[in-house]
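As a plain string of letters, each chain reads:
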Amino acid sequence: MIGSRLAARIDTIGAKKKIARIDAGWPSSSRPDLKFFETRKARYRYRERGEGPTIVFSVDPPILLESYDALLDLFAERYRVIAFELPAMGFSVGKGAYGFGFEESAEEIAVFLESVAGRGSILAFSCASGLAAVEIARARPELATALVLFQTTDWQGFQHWRAARDPKRILAKPFIGQIAMQRLARTRAPAWFALSVGVAEERDGLCRC
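Parameters and conventions
- Here the residue numbering is sequential within each chain, running from 1 through the sequence in written order.
- Only residues with pLDDT of 70 or above have their local features reported here, since the model is predicted, and side-chain atom pairs are shown and tallied only from 80 upward, although totals for entire chains, interfaces and linings are computed over all residues.
- Neither water nor hydrogens contribute to the side-chain values; these are computed over all heavy atoms in the structure.
- A run of DSSP states H or I qualifies as a helix once it reaches four residues; a run of E qualifies as a strand once it reaches two. Both are numbered from the N-terminal end.
- The globule rule used for comparison is 2.2 Å times the number of residues to the exponent 0.38, while the radius of gyration itself is calculated over C-alpha atoms.
- Burial status follows relative accessibility: with a 1.4 Å probe on protein chains alone, a residue under 20% of its type maximum counts as buried, one over 50% as exposed, and anything between as partly exposed.
- Two residues form a contact once any of their heavy atoms are found within 4.5 Å.
- Every accessible area reported is derived by Shrake-Rupley at a probe size of 1.4 Å, with residue values counting cover from the shown protein chains alone.
- Without a salt bridge and with relative accessible area above 30%, a residue can belong to a patch; like charges are then joined within 9 Å and nonpolar side chains (Val, Leu, Ile, Met, Phe, Trp, Tyr) within 5 Å.
- Only one rule defines a salt bridge in this text: a Lys or Arg side-chain nitrogen within 4 Å of an Asp or Glu carboxyl oxygen.

### Quick word on the overall build of the protein
The number of helices and strands found in the protein is eight helices and seven strands. Here the protein has a C-alpha radius of gyration of 17 Å; the compact-globule value for 209 residues is 17 Å, and the two agree. Seen through its principal axes, the protein has C-alpha atoms that stretch 45 × 40 × 40 Å. Here the protein holds 209 residues, and the buried ones make up 39% of them. Taking as baseline every contact in the protein between residues at least 6 positions apart, the subset at least 24 positions apart corresponds to 63%. Within the structure as shown, the protein displays about 11900 Å² of accessible surface, and the carbon and sulfur contribution to it stands at 58%.

Dropping the structure here:
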């Protein structure tokens, strides 16, 4: 448990410097509709456009907000559409107070939803964040009128998925997994997109992001 807490600190240390680099660079200026929202535990990067009922998309790592151009164009015709990067994912920065726990994450995302999206949104969350959407709808039903879950299975299903992707549990180990993932990042992402993106011509752009 102590090792996990220390490992979480590694992923959140230097938050002020990360935020400064983001503000001075491409992640803050790549699209005109980019915005930021800050809480005690995280600083969220998100995009917003359109009018109408609010629908909120969680960006599924390693995808970034820049890959949501077509989706935002489509949904903004009928909705107020928000897409956000999860805490400590993409260019949303986790601060030292953030510990990556499931209930903590759901509560933290609920703060973002209430402050930015308002009450009564449609939550369109993907993969593991779909479980957070279910928890938010259970604990804070006023925040969600409907759930749309992509690639979200139950807890046991995620354990099967994790075992297949990391059979030796290297990436799950504090410190060792973080070092391994950092070194694998440039090869892991292209391999991941090769599996998940059906249009081969789009993979290079995703990897460049």
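Next comes the rest of the description.
### Considerations on a nonpolar patch on the surface
Together, Leu6, Ile10, Ile170, Phe175 and Ile176 make up a nonpolar patch on the protein surface, roughly 430 Å² of accessible area in all. Relative to the helices and strands, Leu6 is located in helix H1 (residues 2–12). Exposure remark for Leu6: the relative accessible area of 48% places this residue in the partly exposed category.

### Some remarks on the side chain of Thr12
Structurally, Thr12 is set in helix H1. Residue class for Thr12 comes out buried when judged on its relative accessible area of 1%. Other than its neighbours up to four places away in sequence, Thr12 contacts Lys18, Gly94, Lys95, Gly96, Tyr98 and Phe100.

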